[in-house]
Amino acid sequence: MKGIIFTEFLEMVESTFSPAVADQIIEQNELDSNGIYTSVGNYNKQELLKLVTSLSNIVDISVDVLVKEYGKYLLTRFLVYYPQFFENLTTTFDFLDTIDRHVHVEVEKLYTDVELPSFQTKRLSDTQMQMVYHSSNPFAVLAEGLIEGAAEHFKENISIRSDISDDHQVATFNLTLVG
Ligand code: HEM
């Protein structure tokens, strides 16, 4: 998994909790990386799961809540690093439609060894969209947070009904534009 996913996670931990907590979650785990990540490197995705599990124990917030919050945060960081993917888009649904056929395709060209999920989007009506997530990684809740972050960015109120498999590798998100 790309280093940017780790560096941004640790930055969120530092700013939301403290640099000491970020150090603690690194020290509590045996990590091949030793907790040293660069945004362009590639690291074992299990390390992210270890870090978030340690964080969950320390701050007493569930892993799912932390991962979802991280997804929201990550979207704000993608806006800074990859503004080109948001250009000319004005709605959450239009943006989400581009992830599978444009954004992640470009990400694959930019970086080697990425393992991206697949998304099928279906417009059910003007106010309803279904997004189905499939991945070899257990990051469905991260996707949900990214969707929430996108809705915040486009200043839309979107309710999300999620149906997530036990292994977190498959999910159906039913999105309704409320306002
Ligand atoms: C500008 C927008 C986006 C960019 C630049 C981007 C880029 C990336 C990158 C670099 C990774 C790491 C891949 C790896 O290291 O293997 C990733 C993974 C992922 N992306 Fe995106 N992404 C964007 C938007 C989204 C959105 C809106 C969603 C959800 C609807 C999403 C869902 C995911 C998930 C869930 C993963 C984790 C890997 C997995 O589940 O298999 N991304 N993305």
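Above this text sits the structure in question.
In this report, the structure presented in the accompanying data block is examined. Everything numeric here is computed off the predicted structure, so don't read it as measured data.

Bringing the coordination of the iron atom of the ligand into the picture now. Among protein atoms, the single one acting as a donor to the iron atom of the ligand is H104 (NE2), 2.2 Å away. Relative to the helices and strands, H104 is located in helix α5 (residues 92-110).

This part takes up the site of the ligand. The environment of the ligand is made up of 26 residues, and the closest members are K2, H104, E115, Y133 and S135. With respect to the ligand, the side chain of Y133 contributes an N or O atom lying 2.5 Å from an oxygen atom. Of all the cavities here, the one that holds the ligand is the largest cavity. Elements with a contribution of two residues or more to the shell around the ligand: α5, β2 (128-134) and α6 (140-153). Considering every element that reaches the shell around the ligand, the biggest residue donor is α5, with five residues. Residues belonging to the shell around the ligand are distributed by class as follows: 21 nonpolar, three polar and two charged.

Thresholds applied
- Here, residues in each chain are numbered from 1, in the same order as that chain's written sequence.
- Note on the predicted model: pLDDT of at least 70 is required for a residue's local features to be given, and 80 or more for side-chain atom pairs to be given and counted; whole-chain, interface and lining totals, by contrast, use all residues.
- No hydrogens and no water enter the side-chain calculation; it runs on all heavy atoms of the structure.
- Ligating atoms shown are N, O and S within 2.8 Å of the metal, or 3.2 Å for Na, K and Ca, and water is not included, meaning a site may look less than complete.
- Numbered from the N terminus, helices here are DSSP runs of H or I no shorter than four residues, and strands are runs of E no shorter than two.
- Being near a molecule or strand, for a residue, means having at least one of its heavy atoms within 4 Å of it.
- Polar contact criterion, stated in full: a pair of N or O atoms within 3.5 Å, where within protein one must be able to donate a hydrogen and the other to accept it, and residues adjacent in sequence count only if both atoms are side-chain atoms.
- Using a grid of 1 Å spacing that covers the protein atoms alone, one calls a set of points a cavity when a 1.4 Å probe fits there but cannot get out, and a pocket when the set is open and has protein on both sides within 12 Å along at least five of seven lines; lining residues are those with an atom within 4 Å of a point.
- In this scheme, a molecule is assigned to a cavity or pocket if more than half of its atoms are within 2 Å of the grid points.
- Ten residues, namely Ala, Val, Leu, Ile, Met, Phe, Trp, Tyr, Cys and Pro, are considered nonpolar, four, namely Asp, Glu, Lys and Arg, are considered charged, and the remaining ones, Gly among them, are considered polar.

Treat this as a map of the structure, not an account of what it does.
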